[in-house]
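Structural overview for review
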Amino acid sequence: MTHRSIPSSSFFGELRTRELSGLKVRQRPYLGDLSSDAAGFIIEHENNPSPPLALSFCESVGKSHILAVSDEEGFVSFYDTRKNLHCHSSCWDKTAEARVSQWVAHENAIFDICLIKDDSHCITASGDQTIKIWNVERRKCIGLLIGHTGSVKSISSHSSNPDLFVSGSRDGSLAIWDLRCNAGINCHGVARLLSTLIVKEAHLSSEGSRTRRVKAHSKSVTSVLYLKDDISIASAGAVDSIVKFWDTRNLKLPISQACPDIKSFSKKEKMRHGISSLSQDSSGVLLSASCMDNRIYLYDVLHLSEGPKKIFRGSKITSFYVKSAISPDGSHILSGSEDGNAYLWRVNKPESAPVLLRGHEKEVTAVAWCSTEVGKLATSSDDYMVRVWNIKKESCISTRSPYSMNKRVTATPRKLCRKLNMDETESRSKDIANRACISVETMMNSPSPLKTNFARVRHT
């Protein structure tokens, strides 16, 4: 496939300009001593537990302790993560105290949730093939977005315009939406919206494109990201490990793509593996992709043609429900796993053994970092629990899972957690140097299709 050059105002060109100007992304000391879960919530409705599917921390000032959770029963729930659940307390008794709000948002599972407009509104993506916009305080649906013909698996909002976002669906399409463009009001007073742009068969397999009937899983778009330039979009699918990049001003063809080099893989490893999730750091330079080959690939968006910069191994990504996320400062990667543990790597030490966050009793699925409260992260599991972990807290607060009420949750040993601190200062300094001090010579000699765009930026 022939890829078009990126216009000079695109994300990649701007990033290179910023890095050449000496702009450095502020690094935050995310990980010190990691305590066990500081809070544990069972996701239940009228004493009926439901597996959580997506997590999102609020980002506005004064609300960073609030965690939004969507689940398999179609509920949206908000929890106050400051509520401590002590070892002798029952999750069933204390969850109601931590729950701030909840309502039925869909009559089907909600696979993704996104908070917008200073956390006053949220977007939900559901298995009922619709997307809804909600006023959080009123718990009222104010927008119904239709157009997908399969479960909506992923959504991502524009970083500076809350009215724009992108979605990916099991029907194989990705769509861009503008909340300012509605197609009318229904009988319930809810705005009805249609997508402004759509790409069909965005990740169709080469085998599937030659057959009349294509299985849904072979074309599903599993994850989408609106990149930090607010022009480019990244997408991934169930069919293979390719990440595609699109310019929203012209979606006919992807502008670039990235994938691991499988030449060095064994015959078994060369089998097609889909991607379960994508994430990016706050600078937009690093992009992670969790792959069904049990690897997490980390890409530098300035050098996509070079393939993944680093590869992280250890977690068992055996289903598309298992997600990973890079920390906002780009220093750590957090992942769920089929074995009931969450895995934590330092980006600068991909070869080192990851730290295991123990406590869940079934597959760990969605994970999330708090972007405004340093040192807080959350994990969810098929044991119906959401656990919130705090950094640099020596206290150990443990709760019990409803899945096995007789089994005590195991705290992460402090000795194991200290691995996160070893050589932290040295590795962070090296990381900043490697990422912020990119030479002009290296860029200009890069075989990447981005080279032309970089030259344009330098001469404007």
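Residues numbered from 1 in each chain as written. Predicted model: local features only at pLDDT ≥ 70, side-chain atom pairs only at ≥ 80, totals over all residues. Heavy atoms only, no water.

**So, the UniProt feature "repeat: WD" (unreviewed entry) in the protein chain**
When the UniProt feature table is mapped to this numbering, "repeat: WD" (unreviewed entry) covers residues 103-144, 145-180, 214-256, 325-355 and 357-399. Between the first and last C-alpha atoms of residues 145-180 the distance is 12 Å; the span itself is 0% helix and 50% strand. Annotated as residues 325-355, this span is 0% helix and 39% strand, and its ends, taken at the C-alpha atoms, are 15 Å apart. (UniProt positions renumbered as here; feature names shortened; annotations may be inferred. Helix = DSSP H or I, 4+ residues; strand = E, 2+ residues; numbered from the N terminus.)

**A closer look at the nonpolar core**
Membership of the largest hydrophobic core comes to 17 residues, with the highest contact counts inside it found for Ala234, Val243, Phe245, Leu278, Leu287 and Tyr299. Elements supplying a minimum of two residues to this core: β19 (232-237), β20 (243-247), β22 (275-280), β23 (286-291) and β24 (295-300). It is β23 that contributes the most residues to this core, three residues altogether. Counting 16 residues, the second-largest nonpolar core is a separate cluster that includes Ala54, Ala105, Ile110 and Trp134. (Core = buried A, V, L, I, M, F, W, Y, C linked by side-chain atoms within 4.5 Å. Buried < 20%, exposed > 50% of the residue type's maximum accessible area, 1.4 Å probe, protein only.)

**Re the packing of aromatic side chains**
For the structure shown, the criterion picks out six aromatic pairs. Taking 5.0 Å as the distance between ring centres and 15 degrees as the angle between the ring planes, the aromatic pair formed by phenylalanine 41 and tyrosine 79 counts as stacked. Of the two residues, phenylalanine 41 is situated in strand β1 (residues 34-42) and tyrosine 79 in strand β6 (residues 75-80); the sequence distance between them amounts to 38 residues. As far as the burial class goes, phenylalanine 41 and tyrosine 79 line up, both buried. With a centroid separation of 6.3 Å and an interplanar angle of 15 degrees, the aromatic rings of phenylalanine 165 and tryptophan 177 are classed as stacked. Of this pair, phenylalanine 165 sits in strand β13 (residues 164-169) while tryptophan 177 sits in strand β14 (residues 174-178); the two residues are 12 residues apart in sequence, bridging distant segments of the chain. The pair formed by phenylalanine 165 and tryptophan 177 is uniform in burial state, with each residue classed as buried. Members of the aromatic cluster, connected to one another through ring pairs, are Phe78, Trp103 and Trp134. (Phe/Tyr/Trp six-rings, centres within 6.5 Å; stacked < 30°, edge-to-face > 60°.)

**Observations concerning unusual backbone geometry**
Trans is the prevailing form of peptide bonds, just as negative phi is the prevailing case for residues other than glycine. Even without glycine at this site, asparagine 47 takes up a positive phi of about 70 degrees. As for its placement among the helices and strands, asparagine 47 is situated in the loop between β2 (44-45) and β3 (48-49). The backbone of aspartate 119 shows a phi angle near 70 degrees, a positive value even though the residue is not glycine. Its location among the elements puts aspartate 119 in the loop between β8 (110-116) and β9 (121-126). Using a relative accessible area of 7% as the deciding quantity, one classes aspartate 119 as buried.

**Brief notes about the confidence of the model for the protein chain**
Detailed reading of predicted coordinates is not advised where the pLDDT is low. With 69% of its residues at a pLDDT of 70 or more, the protein chain has an overall mean of 79. Counting interchain partners and residues more than four positions distant, the pLDDT-below-50 stretch residues 1-9 has 26 contacts. Predicted confidence for residues 428-460 stays below pLDDT 50, and this span has 62 contacts to residues more than four positions away or in other chains. (pLDDT = per-residue confidence, 0-100. Contact = heavy atoms within 4.5 Å.)

**Quick notes on the state of the cysteines**
Tallying each qualifying case throughout the model produces zero disulfides. Summary of cysteine pairing: cysteine 141 is not part of a disulfide, and the nearest cysteine sulfur, belonging to cysteine 122, is at 9.5 Å. A relative accessible area of 13% means that cysteine 141 is categorised as buried. (Disulfide = S-S within 2.5 Å.)

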